[in-house]
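Structural overview
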Amino acid sequence: TDQQEGERNFHIFYQACAAAQVSAKYSFPSLNKAKGAPQVIDLTGLGAHSEFTLLTKSSVFELQDVNDVEEFEKTVYAMQIIGFSPEDIENTFKVMAGILRLGNIAFSAPKNNSEGAEVNSAAAAEFKEACRLLGTDEEALAKALSFKTIISRSERYTSPVNVQAATDTRDSLARTLYGTTFLYLVETINRSIGFDPKLKLFVGVLDIFGFECFKFNSFEQLCINFTNERLQQFFNTFVFKQEEALYKKEGIPWDPLDFPDNQDAVDLIQQKPSGIFAMLDEECLVVGGSDLGFVNKLKKQHQGNRRFDIIKQKQNWFIVNHFAGPVQYCVDQFLDKNKDQLSIDCVQVMQSSTNSFVKERFEDYNKKFGEGEGKKKKPVTLSSEFKEQLSELMQTVDKTDPHFVRCIKPNPQNQPDIYDRPGVTEQLRYGGVLQAVQVSRAGYPVRTNHHDCWLDYRSLVTKQFIAQHKDKPAMQRAETLLNHLTKELDLPKSRSGLCWAVGKTLVFFKQEAYEVLQAQRLKLRGGEATKIQALWKMILTRRKYLRKVACAIKCQALMRGKIARKLTQARREQRAAAKIGAFGRRCIARMRYTKTMRYCIRIQARMRGILGRVRAKEYRLFVKATKIQAFFRMKVQFRLFSGLRAAVHRAQHRIRTRAAVSQMRRLRAQAQEVGAIVSKLQAAQDQNQHLSQENDRLQSDIIQLRSHNVKLTKDVE
């Protein structure tokens, strides 16, 4: 019924409100991912979370990346799995709605009675709806909240209560409704998993958030922190026993006084009759007891206790120095919260409810906390009940073989790759991890075997020492080494002697000695590492330098090549420009020359034409004169040639006649010789014809033999 800023109320309230906003008659399952038997759940009486006072005391009402409707369906599905009937599921959500409606009820003082209380008319609709959901009579419930029944030895009477007392009764009824429903849920779960309380072997998980320290800490934080004190005490004892067994096994002397103990903090809270809880119970029984009187008694009783402190500026505050640090508590409403026992009138009204689910829950409640004949009265205060339950829990835990898991939340935003150092440090302190480290450091927190000890710290001694002792047994060698290092390094000593011890299988170190050895080892290794790093850096630097030189040379070559190409290009362009200029000038000169030549040729042609025509005229005259002379000379020569030709013809005739006569004579002689030659020629021609025929026959035989030879060759192949 009361939350700190930044906290949500129970998740089921927000889930039910979110589902009711979807539909007052919620059809389960409605989401695709949901599983379970179909069921229609009546969520009338619920609505948006902003409609309820219990859900608006904190500004936080939703969680990041969490769908409350989806979580509602998962909750219903889980209830079906563990055996809740559809009626029980619906009645459970009716009770949740009734609790939220109870939180909306406000009280005011009647006109004629300032010490009385009645339901405010503005909250009448909320009160009526709460009665409908819980199945109670409106007048009976209003009377139970506004009056209290006082039972004495001889009589029983009722008296009105003021507005604050009525409000406290309302909150107590809401808490009891939720508590009884939760106990029924736990009982159903145990029954569904087959839990048997008589079994000696079981596996249990104790989930607790850890130490709580807010700006405003009240009775709830004191109970939670007391639980953490008891669990931390159990952890210290558990570690102490383990350390004790290990030291005895190894034969190591040790001082149990070195281990931290928070027994004084536990006694401050629970010890009778001077503990905080005992004095609170006592103050609750005192007539006219008050929160301020309680805190004054605490200050007087525990003055000088190292676990208790006061705040002078705040008279109603006190400080408890827990194992995780000091916590300031405000005692306002300590007595009211400790008396958180539901009135008999409210129990009777709930037992007469028409809702069987509510009726059964309060019947069970009355059996557990009510009084009867021959039955011992149950604890009447919340602190005594809490202390009794915690004692039973610790007795159960003492019989188990515990394993501890510490969960650390890296950041409150639930985001990856974000590390909130102050928040993690606070969790380590409030979760008892720092205390666990202190417990571990109280003994010999560092352990290593003999061989590893020799390998780790032989670098701190000389080579001669190593050569002298390397062949000794591992235990003797480790002890000799540590004795030598104790003298050389002046290792610190504890109250019981040396800060190290050599056991049968392990070597133990106190934190102080281990830190000195590790510091020397790291210093030595750091020096050697520096040398190696220096050499390696020299190699890397030289490689980088050579690469830079090569790159510089390459760059220079590239730049020089580029410059040379530019110069060459410039020279080529200059040469080309010169050639183009020369070609242009040549073209211009040629054009001028050609033009001049053309003019000169024309002049020459004209002059030569004139001269040629003159010469041609003279030549024609010369030719004609020559022809005349030639004709005349021809006539003269023709006359001489004609006479000479006639004389020659006569001489030739005479010579040819003589030659023909002599030739005819020779031909006649030769004719006689030609006949003999012709006969011989005829005989030779006949012989030649015969030889030709014989040659043709032999040629045909050769051809036939060749073809036969080819055929035989093919046959052989």
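Residues numbered from 1 in each chain as written. Predicted model: local features only at pLDDT ≥ 70, side-chain atom pairs only at ≥ 80, totals over all residues. Heavy atoms only, no water.

1. Quick look at the overall build of the protein
Scanning the protein from N- to C-terminus turns up 20 helices and 14 strands. Taking 717 residues into account, the globule formula puts the C-alpha radius of gyration at 27 Å, and the protein, at 66 Å, lies well above it. Projected onto its principal axes, the C-alpha positions of the protein cover 220 × 90 × 90 Å. Looking at the protein as a whole, 31% of its 717 residues are labelled buried. Of the contacts formed within the protein by residues at least 6 apart in sequence, a portion of 66% connects residues at least 24 apart. Accessible area of the protein: about 47,600 Å², with a carbon and sulfur share of 56%. For the protein, the separation between the mean place of its 111 positive charges and that of its 78 negative charges on side chains is 37 Å. (Helix = DSSP H or I, 4+ residues; strand = E, 2+ residues; numbered from the N terminus. Rg over C-alpha atoms; globule rule 2.2 N^0.38 Å. Buried < 20%, exposed > 50% of the residue type's maximum accessible area, 1.4 Å probe, protein only. Contact = heavy atoms within 4.5 Å. Areas by Shrake-Rupley, 256 points an atom, 1.4 Å probe, with all protein chains shown as cover. Lys, Arg positive; Asp, Glu negative; His and termini not counted. Charge placed at Lys NZ, Arg CZ, Asp CG, Glu CD.)

2. Focus on the packing of aromatic side chains
Taken as a whole and assessed by the stated rule, the structure comprises 17 aromatic pairs. Note on Phe 226 and Phe 277: the rings are 5.4 Å apart at their centroids and 85° apart in plane angle, and the pair reads as edge-to-face. Placement of Phe 226 in helix 7 (residues 219–250) and of Phe 277 in helix 9 (residues 276–285) is noted, with a sequence separation of 51 residues between them. In this structure, Phe 226 and Phe 277 share a single accessibility class: buried. Members of the aromatic cluster, each reached through a chain of ring pairs, are Phe 219, Phe 226, Phe 277, Phe 294, Phe 308, Phe 318, Tyr 329 and Phe 334. A cation over a ring is seen here: Arg 8 above Tyr 14, with NZ or CZ 4.2 Å from the ring centre. (Phe/Tyr/Trp six-rings, centres within 6.5 Å; stacked < 30°, edge-to-face > 60°. Lys NZ or Arg CZ within 6 Å of the ring centre and 35° of its normal.)

3. Topic: the pattern of salt bridges
Summed over all chains, the structure comprises 17 salt bridges. A salt bridge links Lys 74 to Glu 70; the shortest N-O distance between them is 3.9 Å. In this pair, Lys 74 and Glu 70 both sit in helix 2 (residues 68–81), four residues apart, roughly one turn of the helix. Sharing partners across several salt bridges, the network here consists of Glu 70, Glu 71 and Lys 74. (Salt bridge = Lys/Arg side-chain N within 4 Å of Asp/Glu carboxyl O.)

4. Topic: the sheet that holds strand 8 (residues 317–322)
Spatial ordering of the open sheet is given by 7-8-9, a layout of three strands whose pairing is antiparallel. For this open sheet the edge positions go to strand 7 (308–310) and strand 9 (325–330), each flanked by a neighbour on one side alone. For this sheet, the mean inter-axis angle between neighbouring strands, taken without regard to orientation, is 30°. In this sheet, strand 8 lies alongside strand 7 in antiparallel orientation, the contact comprising three bridges. Each bridged residue has a counterpart across the sheet, and for Asp 309 the counterpart in strand 8 is Ile 319. (Pairing = 2+ DSSP bridges. Axes fitted to C-alpha atoms, helices over the stretch in contact; angles between N-to-C directions.)

5. Quick word on the sheet that holds strand 10 (residues 446–449)
Strand order across the open sheet formed by three strands is 10-14-13, with antiparallel pairing between neighbours. Bordering the open sheet on either side are strand 10 and strand 13 (500–502), each of which pairs with just one other strand. Taking the axes of each pair of neighbouring strands and ignoring which way they run, one obtains an average angle of 15° across the sheet. As paired elements, strand 10 and strand 14 (residues 506–509) share four bridges and run antiparallel to each other. Across the sheet, the residue bridging to Asn 449 is Leu 506, located in strand 14. This element, helix 19 (residues 474–489), spans strand 13 and strand 14 of the sheet and lies at about 160° to strand 13.

6. Quick notes on a positive patch on the surface
There is a patch of like positive charges on the surface, built from Arg 543, Lys 544, Arg 547 and Lys 548. Summarising the element assignment, Lys 544 is placed in helix 20 (residues 511–716). (Patch = residues over 30% accessible without salt bridge, like charges linked within 9 Å, V, L, I, M, F, W, Y side chains within 5 Å.)

7. A short note on the nonpolar core
Core analysis: the biggest nonpolar cluster contains 58 residues, and Leu 43, Phe 93, Ile 99, Leu 173, Leu 177 and Met 350 have the highest contact counts within it. Ile 99 has contacts with Phe 13, Leu 54, Ala 174, Leu 177 and Tyr 178, leaving out every residue within four places of it along the chain. Among the nonpolar cores identified, the runner-up in size contains 31 residues, and Phe 211, Val 295, Phe 318 and Val 320 belong to it. (Core = buried A, V, L, I, M, F, W, Y, C linked by side-chain atoms within 4.5 Å.)

8. Here's the deal with the packing of helix 9 against helix 10 (residues 291–301)
For any two helices packed against each other, the geometry comes down to the angle between their axes and how far apart the axes lie. Packing of helix 9 against helix 10 brings their axes to within 10 Å, and their N-to-C directions diverge by 140°. It follows from the interaxial angle that helix 9 and helix 10 lie oblique. Handedness of the crossing formed by helix 9 with helix 10: right-handed. Here helix 9 contributes Ile 276, Met 279, Leu 280 and Glu 283 to the contact with helix 10, which in turn contributes Gly 293, Phe 294, Lys 297, Leu 298 and Gln 301. Of the residues contributing to the contact of helix 9 with helix 10, the split by class is five nonpolar, two polar and two charged. (Parallel < 35°, antiparallel > 145°, perpendicular 65-115°, else oblique. Left-handed = near helix turned anticlockwise from the far one by under 90°. Nonpolar A, V, L, I, M, F, W, Y, C, P; charged D, E, K, R; others polar.)

9. So, the environment of Ile 81
Take Ile 81: it is sitting in helix 2. Between the C-alpha atom of Ile 81 and that of Ile 580, which follows or precedes it by 499 residues, the distance is 103 Å.

10. Let's talk about the confidence of the model for the protein
On average, residues of the protein carry a pLDDT of 83, and 92% of them reach 70 or more. A low-confidence stretch, residues 372–379 (pLDDT under 50), is modelled with ten contacts involving residues beyond four sequence positions or located in other chains. (pLDDT = per-residue confidence, 0-100.)

11. Notes on unusual backbone geometry
The omega torsion of the bond from Phe 28 to Pro 29 falls at -5°, within 30 degrees of zero and hence cis. Note on placement: Pro 29 falls in the loop between strand 1 (25–28) and strand 2 (39–42). Cis geometry marks the peptide bond from Lys 272 to Pro 273; its omega dihedral reads 0°. Not every positive phi belongs to a glycine, and Gln 333 is a case in point at roughly 70°. Checked against the element boundaries, Gln 333 lands in the loop between strand 9 and helix 11 (334–338). The backbone phi angle of Asp 417 is positive, close to 60°, even though this residue is not glycine. In this structure, Asp 417 sits in the loop between helix 14 (382–398) and helix 15 (421–430). Accessibility expressed as a relative area gives 84% for Asp 417, which makes it exposed.

12. Structural notes on the side chain of Thr 169
You can see Thr 169 is positioned in helix 6 (residues 163–192). A relative accessible area of 18% places Thr 169 in the buried class. When sequence neighbours within four positions are dropped, the list of residues in contact with Thr 169 reads Ala 144, Leu 145, Leu 342, Ser 343 and Cys 346.

13. Things to note about a nonpolar patch on the surface
Among the surface-exposed residues, Leu 535, Trp 536, Met 538 and Ile 539 lie close enough to one another that they form a single nonpolar patch of about 380 Å² accessible area. Position of Met 538 relative to the elements: it lies in helix 20.

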